[in-house]
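Listed below are the residues making up each chain.
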Amino acid sequence: MFVDRLQIVNFRNYDELLVDFSPGKILIYGANGQGKTNLIEAIYYLVIGKSFRGKDNSLIRFGAESFQIGAKISKNDQKITLGVEYSEKGKFFLKNGQKQKSFSSILGNLKGVLFTPDEPVVFFGFPANRRKALDLFLAQTSKTYLLSLIYYQKVLTNKNALLKQSRDVENLIEAWNYKLAEFGAEIIKEREKCLKILNDIIKELNAQLRFLPGKIEVSYKTTGTDDKEKIFELLKQRYTEEKDKKQSLFGPHRDDLNFYVNGRDLKIFGSQGQKKGALLLFKLAQAVYMAKISGERPVVLLDDLYSEFDKEKKETLEGFFLKYSDQVFITATEPIDLKNYHQVVFIENGKVF
Ligand SMILES: Nc1ncnc2c1ncn2[C@@H]1O[C@H](COP(=O)(O)OP(=O)(O)OP(=O)(O)O)[C@@H](O)[C@H]1O
């Protein structure tokens, strides 16, 4: 799939923008602070239903009252339009001109993989960030996963509210635990299945790219199991502890994924370069997974790879991404190697040339 056309109004430093894109490798270049990442941010907004780096109200152009993003997407000879409008009054999404109840009904229509220079620090920080990254990926590729996640979150919110009450709520909690076990087991099962595949892809990619010398492994660490009866039992046994702490302590919302190189945990022992390499392998593996397993080649957004890698590494990476994607956006401050790109876009002060 690829973004055919992007239209944005009052988003960040863009007042009105209409730009057509070709499939293939697209270079977005311009000096610092001109709007390159803002453009990437707008496209990725339609992938995940929000910004990857700011709250909605900070995205409205200074002095304006709302922003809009719209895109025409081409996939398998089919054209669809996606859009979002946000103002202080609220936010709504559109698909083919039809207003949607929520973003979840259109999640997965535009599949995307994003890499930004700030990401490794965040990703290798708190477990919640790794869970979020995995969930965003899985939710794009599996509707069942997305629904299990939505239901699980709803039940978890209700259970947490009950745990905060001072009275004994064991019987009531049991009903929520039953549901948590059911959706939780589904989530764990899907994560285990997906990570097993990603792990194999990462190993194969690393053998070709040689980003991380040594044996690389991604492992999923769960506080539960993929058997709903067992999760239910586990939750039952932990009631007193959860009641004392007034929160749900066990289940997929507490899980983590770890990267190991030669058996050593990267988040503890990895250098910045190794972390960056591992995250890029993870992203590349996601593109391969989408293309091969879910059958839809994603749009890839690579922000500022030049500041990360030398020319050779950067070109190898872009080439790999292009193998599994129909469109790769690359931002840079300089117009280097223009002949390598299918389209070149120059950005200055929120205007595209
Ligand atoms: N809500 C907003 N309204 C207007 N302008 C904004 C808003 N938010 C950010 N900006 C402007 O957007 C610009 C930053 O854009 P962006 O992050 O896309 O830069 P960039 O071209 O990627 O630069 P770099 O190469 O330094 O990463 C800044 O000039 C900033 O003032």
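Residues numbered from 1 in each chain as written. Predicted model: local features only at pLDDT ≥ 70, side-chain atom pairs only at ≥ 80, totals over all residues. Heavy atoms only, no water.

Asker: Can you help me understand the UniProt feature "domain: RecF/RecN/SMC N-terminal" (unreviewed entry) in the chain in this one?
Answerer: Taking the numbering used here, the UniProt-annotated feature "domain: RecF/RecN/SMC N-terminal" (unreviewed entry) corresponds to residues 3-345. Helix and strand shares over residues 3-345 are 45% and 24% respectively, and the end C-alpha atoms of the span are 14 Å apart. (UniProt positions renumbered as here; feature names shortened; annotations may be inferred. Helix = DSSP H or I, 4+ residues; strand = E, 2+ residues; numbered from the N terminus.)

Asker: Can you walk me through the site of the ligand in this structure?
Answerer: Taken together, 15 residues are adjacent to the ligand, and Gly33, Lys36, Thr37, Asn38 and Ile60 come closest. Contacts to the ligand include Gln34, whose backbone N or O atom sits 3.1 Å from an oxygen atom. Here a nitrogen atom of the ligand and a backbone polar atom of Ile60 are 2.9 Å apart. Protein burial of the ligand: of its 660 Å² of free accessible surface, 73% is covered by the chains. Counting residues per element, the shell around the ligand draws most heavily on helix H1 (residues 36-48), at three residues. (Near = heavy atom within 4 Å. Polar contact = N/O pair within 3.5 Å; in protein donor to acceptor, adjacent residues only side chain to side chain. Areas by Shrake-Rupley, 256 points an atom, 1.4 Å probe, with all protein chains shown as cover.)

Asker: Help me understand the pattern of salt bridges, please; the structure alone is not making it clear to me.
Answerer: It is possible for side chains of opposite charge to pair when their charged atoms get near one another. Scanning the entire structure with this criterion turns up 23 salt bridges. Across the salt bridge formed by Glu318 and Lys25, the nearest N and O atoms sit 2.9 Å from each other. Here Lys25 lies in strand E3 (residues 24-29) and Glu318 lies in helix H11 (residues 311-323), a separation of 293 residues in the sequence. The class for Lys25 is buried, based on a relative accessible area of 9%. The residue Asp135 makes a salt bridge to Arg191 at a minimum N-O spacing of 3.1 Å. Of this pair, Asp135 sits in helix H4 (residues 127-141) while Arg191 is found in helix H6 (residues 170-209), placing the two residues 56 residues apart along the sequence. With a relative accessible area of 13%, Asp135 lands in the buried category. Overlapping salt bridges bring together Arg12, Glu41 and Arg53 as one network. (Salt bridge = Lys/Arg side-chain N within 4 Å of Asp/Glu carboxyl O. Buried < 20%, exposed > 50% of the residue type's maximum accessible area, 1.4 Å probe, protein only.)

Asker: So what exactly am I meant to see when it comes to the UniProt feature "binding site: ATP" (unreviewed entry) in the chain here?
Answerer: Under the UniProt annotation, the feature "binding site: ATP" (unreviewed entry) is placed at Gly30, Ala31, Asn32, Gly33, Gln34, Gly35, Lys36 and Thr37. When you line up the elements, Gln34 lands in the loop between E3 and H1. Non-local contacts of Gln34, meaning those with residues more than four positions away in its chain, are made with Asn13, Ile347, Glu348, Asn349 and Gly350. Of note is the side chain of Gln34, whose polar atom sits 2.6 Å from the backbone nitrogen of Asn349. Once residues lying within four places of it in the same chain are set aside, the contact partners of Gly35 are Asn13, Tyr14 and Ile347. (Contact = heavy atoms within 4.5 Å.)

Asker: Explain the sheet that holds strand E12 (residues 299-302) to me, please; I cannot follow it from the model alone.
Answerer: Two orientations exist for strands paired in a sheet by backbone hydrogen bonds: parallel and antiparallel. Taken in spatial order, the six strands make up an open sheet running E8-E12-E13-E3-E14-E15, and their pairing is mixed. A strand with exactly one partner marks an edge of an open sheet, and here the two such strands are strand E8 (112-115) and strand E15 (351-352). For E3 and strand E13 (residues 327-332), the ladder comprises six bridges, and the chain directions are parallel. If you follow Leu27 over to E13, its bridge partner there is Ile330. Against the sheet, H11 touches E3, E8, E12 and E13, its axis set at about 155 degrees to E13. (Pairing = 2+ DSSP bridges. Axes fitted to C-alpha atoms, helices over the stretch in contact; angles between N-to-C directions.)

Asker: Would you explain the packing of helix H5 (residues 143-163) against H6 in this entry?
Answerer: Relative placement of two packed helices is described by the angle separating their axes and the distance separating the axes. Contact geometry for H5 and H6: axes closest at 9 Å, N-to-C directions at 150 degrees. Classified by the angle between their axes, H5 and H6 sit roughly antiparallel to one another. The element H5 and its partner H6 pack so that their crossing is left-handed. Of the residues in H6, those in contact with Thr144, Tyr145, Ser148, Leu149, Tyr151, Tyr152, Val155, Leu156, Asn158, Lys159, Leu162 and Leu163 of H5 are Leu172, Ile173, Trp176, Asn177, Lys179, Leu180, Phe183, Gly184, Glu186, Ile187, Glu190 and Arg191. By residue class, the composition of the contact of H5 with H6 is 14 nonpolar, five polar and five charged. (Parallel < 35°, antiparallel > 145°, perpendicular 65-115°, else oblique. Left-handed = near helix turned anticlockwise from the far one by under 90°. Nonpolar A, V, L, I, M, F, W, Y, C, P; charged D, E, K, R; others polar.)

Asker: Would you mind going over the side chain of Asp256 with me for this structure?
Answerer: Checked against the element boundaries, Asp256 lands in strand E10 (residues 256-261). Judged by its relative accessible area of 6%, Asp256 is buried. A polar contact of 2.7 Å, which involves the side chain of Asp256, links it to the side chain of Arg130. Filtering out sequence-adjacent residues up to four positions away, Asp256 remains in contact with Pro127, Arg130, Ser219, Tyr220, Lys221 and Lys267.

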